[in-house]
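# Analysis of the macromolecular model
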Amino acid sequence: MTGSAGGVPPLVVCDLDRTLIYSRSALDADPPALQCVERIRGADAAYLSAPAVSLLVELRRRSEFVPTTTRTREQYARVTLPGGPARFAIVANGGHLLCDGVSDPEWQRTVQDRLARCAPLAEVRDRLRAPAHGAWLLRERSAEELFCYAVVERDLLPADVVAELAAWAADRGWAVSLQGRKLYLVPVPLTKSAAAAEVARRTGADTVLAAGDSLLDADLLEYADVAVRPAHGELHDTGWKRPGVVVTAAAGVRAGEELLRVLLSRIGVYAGARD
């Protein structure tokens, strides 16, 4: 393995949905050859492109690859990535740190201590389910009793309502993220970057690379030594940029291939610079 100082492999902390893997609704009109990586009730649900499969296998060989997602543990368990189970995984937007597939109790306690500074989940769910939201809110769910989200009718969701909800949430220590047909409300201290920093501490890695597409990935991209985002998604739509963050030339599923190539190309450069 290529590694950080002392022979420790670098961390690659990679978001899943619409960054690395793509649901059928997120695929291009003329997608490349695909490999299914998720099945729901017997049906194919999410994919990697065929070139991305070999790239990911090589990336995992050369790094400590950490799948990272806002999915719950149950939703994450449906995904089967090439190369077998990861030693570490970050799920529920950093709410759970999985170590060999098991949520780490020490990290759970740390998360609960941080969330004590925010308004309670019940108050936020009540606001999200307000009768005035009935025209566009199709269903609302709690995720791991940590945050909540709604499946929405995008064509009926006014932009000013999202802005108003975001301002209300910010006053209570929460953030809003709109990703496709899902509207997330997440406590501000619940971050992927905090969990990534914990994995770096435990492994001794001093080089962190990251990829993501949504506002819930922004803190992770800012934290990493090397970061890349696809030319689509919430960050792209809002024009989010930071010095040193690479934006793919491609959009859609081919962006997944491109960002893997970027990460592979940077592992040796950044690890070698610290040796």
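Right, let's walk through the structure included here. Note that the structure is predicted; figures quoted are calculated from it, not measured. (Residues numbered from 1 in each chain as written. Predicted model: local features only at pLDDT ≥ 70, side-chain atom pairs only at ≥ 80, totals over all residues. Heavy atoms only, no water.)

## Describing the environment of T191
To keep it simple, the criterion reads: What counts as a helix is a DSSP run of H or I of at least four residues, what counts as a strand is a run of E of at least two, and both are numbered from the N terminus. Each residue gets one of three labels from its accessible area relative to the maximum for its type: buried under 20%, exposed over 50%, partly exposed in between, using a 1.4 Å probe on protein chains only. Contacts are residue-level and defined by heavy atoms, with any inter-residue pair within 4.5 Å sufficient. Distance and chemistry together define a polar contact, namely a pair of N or O atoms within 3.5 Å, with one atom able to donate a hydrogen and the other to accept it when in protein, and with adjacent residues in sequence counting only for side-chain atoms on both sides.
Mapped onto the secondary structure, T191 falls in the loop between β12 (182–187) and α6 (192–203). When its relative accessible area of 17% is taken as the criterion, T191 is described as buried. In sequence terms T191 and I90 are 101 residues apart; their C-alpha atoms lie 9.8 Å from each other. Apart from the residues within four sequence positions on either side, T191 is in contact with N93, G94 and D219. From its side chain, T191 meets the backbone nitrogen of A194 in a polar contact 3.2 Å long.

## Some points on the nonpolar core
The criterion, for reference: To form a nonpolar core, buried Ala, Val, Leu, Ile, Met, Phe, Trp, Tyr and Cys residues must be joined to one another through side-chain atoms within 4.5 Å.
In this structure, L128, F147, W174, L183 and L185 are the most contacted members of the largest nonpolar core, which totals 56 residues. Not counting residues up to four positions away in its chain, the partners in contact with F147 are T70, A92, N93, L121, R141, S142, W174, Y184, L185, V186, P187 and L190.

## Things to note about the pairing of strand β11 (residues 174–179)
Let me state the cut-off plainly: In short, DSSP must find at least two bridges between two strands for them to pair.
Both β11 and β12 contribute to a ladder of six bridges, which runs antiparallel. The residue of β12 that forms the bridge with S177 is Y184. Between β11 and the antiparallel strand that follows it, β12, lie two residues; G180 among them carries a positive phi value of about 65°.

## Concerning the packing of helix α3 (residues 105–115) against α6
The test is simple: To get an axis, a line is fitted to the C-alpha atoms, and for a helix only the part in contact is used. The angle between two axes follows their N-to-C directions and goes from 0 to 180 degrees. Two helices crossing with the near one rotated counterclockwise from the far one by less than a right angle form a left-handed crossing, whereas a clockwise rotation gives a right-handed crossing. Here the nonpolar group is Ala, Val, Leu, Ile, Met, Phe, Trp, Tyr, Cys and Pro; Asp, Glu, Lys and Arg are the charged ones; every other residue, Gly included, is treated as polar.
Across the interface, α3 lies against α6 with an axial gap of 12 Å and an inter-helix angle of 145°. Classified by chirality, the crossing of α6 by α3 is right-handed. Where α3 abuts α6, its residues E106, W107 and R114 lie against A194, A195, E198, R201 and R202. Taken together, the residues of the contact of α3 with α6 sort by class into three nonpolar, no polar and five charged.

## A few points about the packing of helix α4 (residues 121–128) against helix α5 (residues 159–170)
Inclusion rule: In what follows, roughly perpendicular refers to angles from 65 to 115 degrees, roughly parallel to angles under 35, roughly antiparallel to angles over 145, and oblique to any angle outside these ranges.
At a closest axis distance of 12 Å, the pairing of α4 and α5 adopts a crossing angle of 165°. With respect to α5, the element α4 is oriented roughly antiparallel. Relative to α5, α4 is oriented so that their crossing is right-handed. Where α4 abuts α5, its residues E123, V124, R127 and L128 lie against E164, L165 and W168. Tallied by class, the residues present in the contact of α4 with α5 amount to four nonpolar, no polar and three charged.

## Remarks on the pattern of salt bridges
The cut-off we apply is this: The working definition used for a salt bridge is a side-chain nitrogen of Lys or Arg within 4 Å of a carboxyl oxygen of Asp or Glu.
Scanning the model with the defined rule gives 20 salt bridges in all. The salt bridge partner of R73 is E144, with a shortest N-O separation of 2.8 Å. Of this pair, R73 sits in helix α2 (residues 73–76) while E144 sits in the loop between β9 (137–143) and β10 (147–152), and the two are 71 residues apart along the sequence. Taking the relative accessible area as the measure of exposure, R73 reaches 35% and is therefore partly exposed. Overall, the relative accessible area of 23% leaves E144 in the partly exposed class. With its nearest N and O atoms 3.5 Å apart, the salt bridge here joins E140 to R129. On the criterion of sequence distance, the pair formed by E140 in strand β9 and R129 in the loop between α4 and β9 is long-range, its members being eleven residues apart. Since its relative accessible area comes to 9%, E140 is described here as buried. Assessed through its relative accessible area of 41%, R129 is described here as partly exposed.

## Overview of the sheet that holds β12
Read across the open sheet, the four strands follow the order β9-β10-β12-β11; overall the sheet is antiparallel. Looking at strand neighbours, the two that pair on one side only are β9 and β11, the edges of this open sheet. Mean inter-strand twist for the sheet, computed between neighbouring axes without regard to direction, equals 20°. Across the face of the sheet, α4 comes into contact with β9, β10, β11 and β12 while running at roughly 15° to β10. Docked against the sheet, α5 engages β11 and β12, running at close to 150° with respect to β11.

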